[in-house]
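# Fold and contact review
The residues making up each chain are set out below.
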Amino acid sequence: MQVPRDGLQQKLERLSQSQQSIESVSSFCIFYHKDAKGVVQVWEQEFYKAPADRKLALLYLANHILQEGRKKGMSFQEEYFKTLPKAVSHVVKYGDDKAKKAVTRLVTVWEERRVFGSRHIKSFRDVLGLPADTKPAAMASIPAAAVGNGSSAVAKLGPVGDALSNVLQQSHAATLKGQEFKNSWSQNLLTTAGLGEVTAAQGKLKEYSAALESEVLARKAAATALNAELSRQTAELSRAESQLQTVAGQQQQLAGRLTLLTSQLTSAMGSLSQLFQQVPEQ
């Protein structure tokens, strides 16, 4: 299904840096993931026409699409890498300090969450003029929605959210390593392949194994955090149910008292009415 280009262009023209705006347009784009090429082409056209503040919003949108779109495959990674280095370079060349810091933080996100491979990250670092061993600044000013990968939701869950976020990262890393090994695998490795080819495949397999071990550890940590949270919620549930029972008892007591007072008032009004009837007219 091809993305309606005019409709997407209108959405991009109205895009802002708000969480709601980024998430809404990102969902629209990901729905057309089978036409990732068309989505990115429209994005690129709009990027170079947009004013500075919307250029930044468009980069945040791209980041959100890249991370959330991974659930649908790697098509957005492939298409966005064709244009993002040039877009980042444009911001570095023409943007102000705020914009430059923002794209540097985005590269941090892409590196830490393995949105792109190390070779791709190096190209971004080269554009930014960052040494290979330098970590960009923290991503404090990036909007929550722009970070993507579920962070806008799990970030509110404390330790559980941190654990689940780590699971997503490690799972994605293991998937990438598995794909790299799969690409290097062939039956020739067990029959006619030479030393260099077998050694390279073995290295890929070790990396895949290490990534899977990290994923297993992350999932165990998440399970522990979830169990701890479940125990806490169970205790809080018991407390709330106990308080509800107490309140229900108090409601019954007040209802009984109200019934008694109503009855007494009705009786008093009846007696008063009879008293007035007995008073002789003058």
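Bear in mind that the values here come from a model prediction, so they are computed numbers and not experimental data. (Residues numbered from 1 in each chain as written. Predicted model: local features only at pLDDT ≥ 70, side-chain atom pairs only at ≥ 80, totals over all residues. Heavy atoms only, no water.)

Counting its secondary structure elements, the protein chain contains 12 helices and 0 strands. For the protein chain, buried positions account for 35% of its 282 residues. Looking at the protein chain alone, contacts between residues at least 24 apart form 74% of all its contacts between residues at least 6 apart. (Helix = DSSP H or I, 4+ residues; strand = E, 2+ residues; numbered from the N terminus. Buried < 20%, exposed > 50% of the residue type's maximum accessible area, 1.4 Å probe, protein only. Contact = heavy atoms within 4.5 Å.)

Looking now at the side chain of Gln67. One can find Gln67 in helix H4 (residues 52–68). Polar side-chain contacts of Gln67 include one of 3.4 Å to the side chain of Arg113. (Polar contact = N/O pair within 3.5 Å; in protein donor to acceptor, adjacent residues only side chain to side chain.)

Right, let's talk about the side chain of Glu68 for a bit. Within the secondary structure, Glu68 sits in helix H4. A polar atom in the side chain of Glu68 sits 3.1 Å from the side chain of Lys71.

What follows deals with the pattern of salt bridges. This structure, assessed with the given rule, holds 9 salt bridges. For Lys71, the salt bridge identified is with Glu68, shortest N-O distance 3.1 Å. Look at Lys71 and you get exposed, because its relative accessible area is 63%. The shortest N-O distance in the salt bridge between Glu111 and Arg125 comes to 2.9 Å. Residue Glu111 is found in helix H7 (residues 97–112), and its partner Arg125 is found in helix H8 (residues 118–128); the two are separated by 14 residues along the sequence. Salt bridges sharing partners connect three or more residues here, namely Glu46, Lys49 and Arg54. (Salt bridge = Lys/Arg side-chain N within 4 Å of Asp/Glu carboxyl O.)

This paragraph deals with H4. Between its terminal C-alpha atoms H4 stretches 25 Å, which fits the 24 Å expected from 17 residues at 1.5 Å a residue. Counting buried positions over the 17 residues of H4 gives 15, a clear majority of the element. (Expected span 1.5 Å × (residues − 1).)

Looking now at the nonpolar core. In terms of nonpolar packing, the biggest core is built from 45 residues, with Trp43, Leu59, Phe76, Tyr80, Leu84 and Trp110 touching the most fellow members. Mapped onto this core, the elements with two or more residues apiece are helix H1 (5–13), helix H2 (19–31), helix H3 (36–49), H4, helix H5 (75–80), helix H6 (84–94), H7 and H8. Ranked by residue count, the leading element in this core is H4, at 9 residues. Beyond its immediate chain neighbours, meaning those up to four positions away, Trp110 contacts Asn63, Leu66, Leu84, Val88, Val115, Phe116, Ile121 and Phe124. (Core = buried A, V, L, I, M, F, W, Y, C linked by side-chain atoms within 4.5 Å.)

So, on to the environment of Val88. Relative to the helices and strands, Val88 is located in helix H6. In this structure, Val88 is in contact with Trp110, Phe124, Val127 and Leu128, ignoring residues within four places of it in sequence.

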